[in-house]
Each structure stands twice: as C-alpha cells, then as structure tokens.
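Remarks on the overall topology
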Amino acid sequence: MTPPIVSTVEGYGFHPTGEAAYGRSLFVVNPGVPIEDAMESLSELLSSAGETLYATAMGERTLLLHDAWLVKHTLDAAKAVVDSLKESLAVQRLKSHGA
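Right, let's talk about helix α1 (residues 35-57) for a bit. Taking 1.5 Å of rise per residue, 23 residues should cover 33 Å, and α1 covers 32 Å from first to last C-alpha, within 8% of that figure. Along α1, the residues classified as buried are Ala38, Leu42, Ala49, Thr52 and Ala55. Those residues of α1 hidden inside the fold are in contact with α2 (65-96). Immediately beyond the C-terminal end of α1, within one or two residues, lies Gly59, with a positive phi of roughly 75 degrees.

What follows concerns the confidence of the model for the chain. The predicted model of the chain has a mean per-residue pLDDT of 91, with 95% of residues at 70 or higher. Mean pLDDT per element in the chain: strand β1 (residues 13-16) is the minimum at 90, and α1 is the maximum at 96.

Let us now look at the environment of Leu89. Position of Leu89 relative to the elements: it lies in helix α2. It is 9.8 Å that separates the C-alpha atoms of Leu89 and Ile35, two residues lying 54 residues apart in sequence.

Moving on, we come to the side chain of Thr8. Here Thr8 shows up in the segment before β1. Residue Thr8 is classed as buried on the basis of its relative accessible area of 4%. At 2.5 Å, the side chain of Thr8 and the backbone oxygen of Asn30 are in polar contact.

Here we come to a negative patch on the surface. Together, Glu36, Asp37, Glu40 and Glu44 make up a negatively charged patch on the protein surface. Looking at where Glu36 falls in the secondary structure, it is placed in helix α1.

What counts, and at which threshold
Residues numbered from 1 in each chain as written. Predicted model: local features only at pLDDT ≥ 70, side-chain atom pairs only at ≥ 80, totals over all residues. Heavy atoms only, no water. Helix = DSSP H or I, 4+ residues; strand = E, 2+ residues; numbered from the N terminus. Expected span 1.5 Å × (residues − 1). Buried < 20%, exposed > 50% of the residue type's maximum accessible area, 1.4 Å probe, protein only. Contact = heavy atoms within 4.5 Å. pLDDT = per-residue confidence, 0-100. Polar contact = N/O pair within 3.5 Å; in protein donor to acceptor, adjacent residues only side chain to side chain. Patch = residues over 30% accessible without salt bridge, like charges linked within 9 Å, V, L, I, M, F, W, Y side chains within 5 Å. Areas by Shrake-Rupley, 256 points an atom, 1.4 Å probe, with all protein chains shown as cover. Salt bridge = Lys/Arg side-chain N within 4 Å of Asp/Glu carboxyl O. Lys, Arg positive; Asp, Glu negative; His and termini not counted. Charge placed at Lys NZ, Arg CZ, Asp CG, Glu CD.

This is the structure we're talking about:
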C-alpha cells in the first residue's frame, strides 16, 4: 500500500488587504504543493525571520519599522503554509480512518 500524498490545500491566504469586512488576502498558499517542497519553503521563511530577530536581540542591528513589517509578513506566510499542511494531514487522517 502506498502512503497517502500530503500536499498543501486551497484556501490559506495571508497579507490581508482592503477593507477588513471583506476578509480578502493578497496572497494565498497554492494547493497541490508536495509536503517536502512546502516544508523546505517554510524552513527558508522561518530562517529569514529568525536571522533578523537574532541580529536584533544580539544588538547587531536595530529593528526598524519596515524590518518589523518584513518579519510579520514572513511569519504570516509561514503560518499559512503550516495551516494548509495541517488541514491536508487532517483530511488524510479522516480518509485513513474511513470517515
């Protein structure tokens, strides 16, 4: 029996834009990206944010306003990938239990 293919699912947006009442996101995680590729991108996003925060914590740089927004947007993108993969895994779990 071959293991189920886990990939990103549709519907996980990040970077809200426009009027909040509309709940629109400018960017979205694309469905169908294999988990290995999604995890690699996730690792790169987290490393980028981590390097900026580490340098700030060590006093090597000052976290300016635009740097703070950069870290926030990077973390929002990473969270969208994680949430998409979590849903994919939950769907696979339900399928494997016959629900």
